[in-house]
Amino acid sequence: MPTQGAEAFYEFLRTQRAVRRLRPDPIPDEVLARILDATRHAPSGGNRQGWRMVLVTEPTKKARLGELYTPSWEAYRAQYGNIDGLSHEDAARMVRVLDSGSYMAAHMHEYPLVAVVCFNPKHLAVTDAGQDRVSVVGGGSIYPAVQNFMLACRVEGLGCVLTTLLCEHEQEVKALLSIPEDWYTAAAIPVGYPVGKGYGPVSRLPVDKLFFENVWENPV
Ligand SMILES: Cc1cc2nc3c(=O)[nH]c(=O)nc-3n(C[C@H](O)[C@H](O)[C@H](O)COP(=O)(O)O)c2cc1C
């Protein structure tokens, strides 16, 4: 028997897509307070909570973030935005996503909030640091807070998108926001009320491609 509110919660998860076209309208203080409170309840390794967020609302700082973001976005678009060989439908979807990305780069300074997610490696439990591959476990102490934040935005009717391109400009972002030397950046989340309907269905792999029962070759 699902708990009360379960159906609404699942619907939020199913429609939590990247929303990049956002209005400049301000976010009421009480709305933001609920989002931040939801965010702080995220888990982290050993409950060390080695993440922080700088909530950037000052126009000149948002403009600078937009300036830093734009060339990285354009390079990303040039590298991954090729629609040759895609079906008509996939090409149309790709063009929509790319155009919304360009819109966001050009309008980031107008969005009411850009949340810059920071972390301190000393406060992360990195249990895979000794493996001969890229280490990912540290991120597990940061991104649950990001997901809480984004789901809370969704619940409040706000659009947002997880972005990481600004990490290419970490030193400039740190200087701009007075982030201490031993803290680093993991993401930036532009937030605002959607221009259009915002959220909607997402396209993801089916359950039997993602989950296995007991052994890898046994799809659920
Ligand atoms: C780790 C990570 C990094 C991402 N970085 C960016 C980014 O820098 N810019 C951007 O526009 N979207 C970024 N995204 C959003 C993804 O492009 C988006 O979630 C994905 O294409 C699925 O889109 P959908 O949720 O709308 O279906 C990022 C998402 C994740 C999870």
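Here we summarise the structure given alongside this text. Numbering of residues starts from 1 in every chain and runs along the sequence as written. For this predicted model, a pLDDT threshold of at least 70 governs which residues receive local features, and a threshold of 80 or more governs which side-chain atom pairs are given and counted, while totals over whole chains, interfaces and linings are taken from all residues. No hydrogens and no water enter the side-chain calculation; it runs on all heavy atoms of the structure.

Let us now look at the overall build of the protein. Tallying secondary structure elements over the protein gives seven helices and four strands in all. Runs of H or I in DSSP of at least four residues are treated as helices and runs of E of at least two as strands, each being numbered from the N terminus. Helices and strands appear in the protein in the N-to-C order α-α-β-α-α-β-α-β-α-β-α. The globule rule is 2.2 Å times the number of residues to the power 0.38, and the radius of gyration it is compared with is taken over C-alpha atoms. In terms of overall size, the protein behaves like a compact globule, its C-alpha atoms giving a radius of gyration of 19 Å where 220 residues would be expected to give roughly 17 Å. With respect to the three principal axes, the spread of C-alpha positions in the protein is 55 × 45 × 45 Å. When each of the 220 residues of the protein is scored for burial, the buried share is 38%. Of the roughly 12900 Å² that the protein leaves accessible, carbon and sulfur atoms contribute 56%. In this scheme, a residue with accessible area under 20% of its type's maximum is buried, one over 50% is exposed, and one in between is partly exposed, where area comes from a 1.4 Å probe on protein chains only. The method behind every accessible area is Shrake-Rupley, applied with a 1.4 Å probe, and residues are considered shielded solely by the protein chains displayed.

Centres within 6.5 Å make a pair out of two Phe, Tyr or Trp rings, where for Trp the six-membered ring is used; the pair is then stacked when the planes are under 30 degrees apart, edge-to-face when over 60, and tilted otherwise. Taken as a whole and assessed by the stated rule, the structure comprises five aromatic pairs. For the pair phenylalanine 119 and tyrosine 184, a centre-to-centre distance of 6.0 Å together with 40 degrees between the ring planes defines the contact as tilted. Note that phenylalanine 119 is positioned in strand S2 (residues 113–119) and tyrosine 184 in strand S4 (residues 184–192), a separation of 65 residues in sequence. Cluster of aromatic residues (ring-pair linked, three or more members): Trp73, Tyr76 and Tyr80.

This part covers the state of the cysteines. In what follows, a disulfide is any cysteine sulfur pair within 2.5 Å. This structure, assessed with the given rule, holds zero disulfides. Unpaired in this structure, cysteine 118 has its nearest cysteine sulfur neighbour in cysteine 167, at a distance of 9.4 Å. Of all cysteine sulfurs, the one in cysteine 153 lies closest to cysteine 160, which takes part in no disulfide; the gap is 4.3 Å.

Here we have four strands laid out as an open sheet, ordered S1-S2-S4-S3, and antiparallel in their pairing. The open sheet has two edge strands, strand S1 (51–56) and strand S3 (159–160), and neither has a second partner. Only heavy atoms matter for contacts: two residues are in contact if any of them lie within 4.5 Å across the pair. Fitting a line to C-alpha atoms yields each axis, with helices limited to the stretch in contact; the angle taken between N-to-C directions then spans 0 to 180 degrees. Across the sheet, helix H2 (residues 29–40) touches S1 and S2, and the angle it forms with S1 is around 165 degrees. A strand pair is defined by DSSP finding two or more bridges across the two strands.

Proximity is defined per residue: any heavy atom of the residue falling within 4 Å of a molecule or strand makes that residue near it. Contacts to the ligand come from Arg17, Ala18, Arg20, Tyr69, Met104, Val161, Leu162, Thr163, Thr164, Leu165, Val202 and Arg204. Definition of a polar contact: a pair of N or O atoms within 3.5 Å, with one able to donate and the other able to accept a hydrogen when the atoms are protein atoms, and with sequence-neighbouring residues admitted only if both atoms are side-chain atoms. The contact in question runs from an oxygen atom of the ligand to an N or O atom on the backbone of alanine 18, over 2.9 Å. A distance of 2.8 Å is found between a nitrogen atom of the ligand and a side-chain nitrogen or oxygen belonging to tyrosine 69. Taking 620 Å² as the accessible area of the ligand by itself, protein coverage stands at 61%. Of the residues contributing to the shell around the ligand, the split by class is seven nonpolar, two polar and three charged. Ten residue types, Ala, Val, Leu, Ile, Met, Phe, Trp, Tyr, Cys and Pro, are classed as nonpolar, four, Asp, Glu, Lys and Arg, as charged, and the remainder, Gly among them, as polar.

A separate point is the pairing of S2. The buried count for S2 comes to seven of seven residues, which makes it a mostly enclosed element. Every second residue of S2 is oriented toward a common face, with Leu113, Ala115, Val117 and Phe119 on one face and Val114, Val116 and Cys118 on the other, all of them buried.

It is at 11 Å that the axes of helix H3 (residues 59–80) and helix H6 (residues 170–177) come closest, and there the two elements cross at 180 degrees. With respect to each other, H3 and H6 are oriented roughly antiparallel. For the pair H3 and H6, contact is made by Lys61, Arg64, Leu65 and Leu68 and by Glu172, Val173, Leu176 and Leu177, respectively. When describing relative orientation, an angle under 35 degrees is termed roughly parallel and one over 145 degrees roughly antiparallel, while 65 to 115 degrees is termed roughly perpendicular and anything else oblique.

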